[in-house]
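Reading the structure
Next come the chains, spelled out residue by residue.
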Amino acid sequence: MDFHHPYKPYDIQLQFMQALYACLEDSKVAVFESPTGTGKSLSLICGSLTWLRDHKRKAFQESVDATCDDDEPEWMIEHAKRESRRAITEKRQELEARLAKIRQEEGRLKQAQDSADRPRKKQRLDDSAPELVDDDDQFVLDDYDSDTDNQKRQNDSGNSDGLSASTLALLERFQGKFSTQKKEKEDDGDDEIKIFFCSRTHSQLSQFAGELRRVTFPSSLPSDLDPESKDDLSKLEERVKHLSLGSRKNLCINPKVRALENNTAINEKCLDLQQAGVAADKKCPFIPSKDDEALALEFRDHALATVKDIEDIAQVGKKLGICPYYASRPVIKHSEIVTLPYPLLLQRSAREALNLSVKGHIVIIDEAHNLMDAIAGIHSVAVSLSQLQTAIGQLTTYARKFKNRLKGKNRNYVAQVIRLDH
Ligand SMILES: Nc1ncnc2c1ncn2[C@@H]1O[C@H](COP(=O)(O)OP(=O)(O)OP(=O)(O)O)[C@@H](O)[C@H]1O
């Protein structure tokens, strides 16, 4: 079997790729081990992407065949197949043409070297980016009811529609079910099967991206057996569509936000700047907007045209003036292989923030012996005694300063937290 390895594969690589291919074909879970320096990255890439392209060709043929009813006359079946084939290929060819154009453009820019400022740039990185409101009001707590309070109130009075607490709970469960179903349906789209490759660090992922640049695979479209067609679809040049995913900390291009350095602070400020109440001129100017879908498409094309690591993706966002963290989300759907560091795959909140679902896709975990430590690390927080002491000091000062401005209940909650800290 040809795995399209860029070199003459070692025997150990052949065994690796064959075992990987068989594992994917049977939708199994497997653990692979190979001594250091035996070219594991290329074995993983060639084994999995050869399978993916083979699978896509089969799926293409199946979707064409599925459009026909066997009871129809032969000539009608042939016509329907041709039409279906044309519709699918047109879409693919259109995307490949866009990507090829971008590759040419990037090649020219690289040659010219002074490519930093593109004339089509839509927005400038703005050093005078939005400041957060800086008065005491932002520290006054919103009205808050603890879970117990909410429960009590619901039990006491039912709700405005006169429904009992148990009916409400039932409704909530159904609403949850319906909204999840709807979400799954929306996500279905043309979300073709893809590979998620997960490694510990971005530097390992960058090396992996380097190996990805070495390979080429045959098209995901089958050779056209239709004698009337002018195109042999299998001749379509289809580079591997790869996307590097990263956190806000890796990708943020808003100078005021990325200056915060700390992961949590960056995440929080980014979300703050998108709150509904924030004035338009204070919002982050780089968040992709519905009014400028062309810019988001341009980002997608640049992200997919050539294999890019996380720094390249940040650079694309910077040049186009669009947030690469948010603009990457819709690109996942169009990728064949997505690379990401452990936390983005293992942490539910990170997956949800990226709208990432691995259900039905292929997940490859590099150096999986790190997995248990990585999971433990994600779910552990170390708090030092001095941090606790500082927190008590700050909370006590806060409680004193805002004593008269806090509602009774909030005053109690703050007092409870201070007591808990002690
Ligand atoms: N069959 C081959 N012939 C020649 N060079 C190869 C071959 N396979 C892989 N290489 C090259 O060998 C180098 C090492 O590969 P790679 O880093 O994937 O090895 P590895 O097994 O992952 O090593 P490590 O265990 O140290 O991570 C890469 O530059 C790769 O392009």
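Residues numbered from 1 in each chain as written. Predicted model: local features only at pLDDT ≥ 70, side-chain atom pairs only at ≥ 80, totals over all residues. Heavy atoms only, no water.

In the nomenclature of an unreviewed UniProt entry, the protein chain corresponds to ATP-dependent DNA helicase CHL1 from the organism Penicillium roqueforti. Here the protein chain is described in UniProt, under the heading Function (unreviewed entry), as follows: "ATP-dependent DNA helicase important for chromosome transmission and normal cell cycle progression in G(2)/M. May have a role in changing DNA topology to allow the loading of proteins involved in maintaining sister chromatid cohesion in the vicinity of the centromeres. Has a specific role in chromosome segregation during meiosis II." Among the UniProt annotations of the protein chain, the heading Subcellular location (unreviewed entry) holds the following wording: "Nucleus". (UniProt positions renumbered as here; feature names shortened; annotations may be inferred.)

A word on the packing of aromatic side chains
Evaluation of the coordinates by the stated rule reveals five aromatic pairs. Here the aromatic rings of F3 and Y21 are separated by 6.2 Å at their centres, their planes lie at 70°, and the arrangement is edge-to-face. In this pair, F3 is assigned in the segment before helix 1 (11-25) and Y21 in helix 1, connecting sequence segments 18 residues apart. As far as burial versus exposure is concerned, F3 and Y21 are alike and both buried. (Phe/Tyr/Trp six-rings, centres within 6.5 Å; stacked < 30°, edge-to-face > 60°. Helix = DSSP H or I, 4+ residues; strand = E, 2+ residues; numbered from the N terminus. Buried < 20%, exposed > 50% of the residue type's maximum accessible area, 1.4 Å probe, protein only.)

Description of the side chain of K308
Looking at the element boundaries, K308 is found in the loop between helix 10 (293-305) and helix 11 (310-320). Judged by its relative accessible area of 7%, K308 is buried. Non-local contacts of K308, meaning those with residues more than four positions away in its chain, are made with E106, R213, H242, S244, H302, A303, I313 and V316. (Contact = heavy atoms within 4.5 Å.)

Comments concerning the nonpolar core
Ranked by internal contacts, the top residues of the largest apolar core, which has 42 residues, are L243, L245, F299, I332, L340 and L356. Elements with a minimum of two residues in this core: helix 3 (74-112), strand 1 (195-199), helix 9 (263-272), helix 10, helix 11, helix 12 (324-328), strand 3 (337-341) and helix 13 (342-346). If near-sequence neighbours (up to four positions away) are discounted, I332 is found in contact with K194, F196, L243, L245, V338, L354 and L356. Core analysis: the next-biggest nonpolar cluster, separate from the first, contains 27 residues, L44, I193, L205 and F217 among them. (Core = buried A, V, L, I, M, F, W, Y, C linked by side-chain atoms within 4.5 Å.)

Concerning unusual backbone geometry
A positive phi angle, near 60°, is found at H4, a position not held by glycine. Mapped onto the fold, H4 is located in the segment before helix 1. H4 sits in the partly exposed class, given a relative accessible area of 24%. Notably, S27 is not glycine yet its phi reads approximately 50°, a positive angle. With respect to the helices and strands, the residue S27 is situated in the loop between helix 1 and helix 2 (40-65). With a relative accessible area of 68%, S27 lands in the exposed category.

A closer look at helix 11
When we look at burial in helix 11, the residues that qualify are I310, I313, A314, V316, G317 and L320. End-on view of helix 11: buried residues confined to an arc of 155°, all on one side of the axis. Of the surrounding elements, those touching the buried residues of helix 11 are helix 6 (202-212), strand 2 (242-244), helix 7 (248-251), helix 10 and helix 12. The opening residue of helix 11, the one whose side-chain oxygen lies 3.1 Å from the backbone nitrogen of E311, is D309. Positive backbone phi, at 75°, marks G321, one or two positions downstream of helix 11. (Arc of directions from axis to C-beta. Polar contact = N/O pair within 3.5 Å; in protein donor to acceptor, adjacent residues only side chain to side chain.)

Section: the sheet that holds strand 3
Reading across the sheet, the four strands line up as 2-3-1-4 and stay open at both edges, with parallel pairing between neighbours. In this open sheet, the two edge strands, each paired with only one partner strand, are strand 2 and strand 4 (362-365). Here the strands of the sheet are splayed against their neighbours by 20° on average, with no regard to which way each runs. Across four bridges, strand 1 lies against strand 4 in parallel orientation. For F197, the partnering residue across the bridge sits in strand 4 and is I364. (Pairing = 2+ DSSP bridges. Axes fitted to C-alpha atoms, helices over the stretch in contact; angles between N-to-C directions.)

Brief notes about the environment of E238
Among the structural elements, E238 can be located in the loop between helix 6 and strand 2. C-alpha separation for the pair E238 and V414, spaced 176 residues apart in sequence, amounts to 59 Å.

Observations concerning the pairing of strand 3
One face of the sheet, then the other: side chains in a regular strand alternate in exactly this way. Here strand 3 lies mainly inside the structure; five of its five residues are buried. Because side chains alternate across strand 3, one face comprises the buried residues I337, T339 and P341, and the other comprises V338 and L340, equally buried. Where strand 1 and strand 3 come together, five bridges link them in parallel fashion. Residue pairing for strand 3: I195 is matched across the bridge by I337. Inspection of the sheet shows strand 2 paired to strand 3 by three bridges, in the parallel sense.

What to know about the side chain of S247
Mapped onto the elements of the fold, S247 is located in the loop between strand 2 and helix 7. On the basis of relative accessibility, which here comes to 18%, the residue S247 falls in the buried class. Other than its neighbours up to four places away in sequence, S247 contacts N263, Y325 and L344.

Notes on the site of the ligand
Around the ligand sit 15 residues, and of these Q13, T36, K40, S41 and E211 come closest. Taken by itself the ligand offers 640 Å² of open surface, and the protein chains cover 68% of this. Looking at the shell around the ligand residue by residue, the class counts come to four nonpolar, seven polar and four charged. (Near = heavy atom within 4 Å. Areas by Shrake-Rupley, 256 points an atom, 1.4 Å probe, with all protein chains shown as cover. Nonpolar A, V, L, I, M, F, W, Y, C, P; charged D, E, K, R; others polar.)

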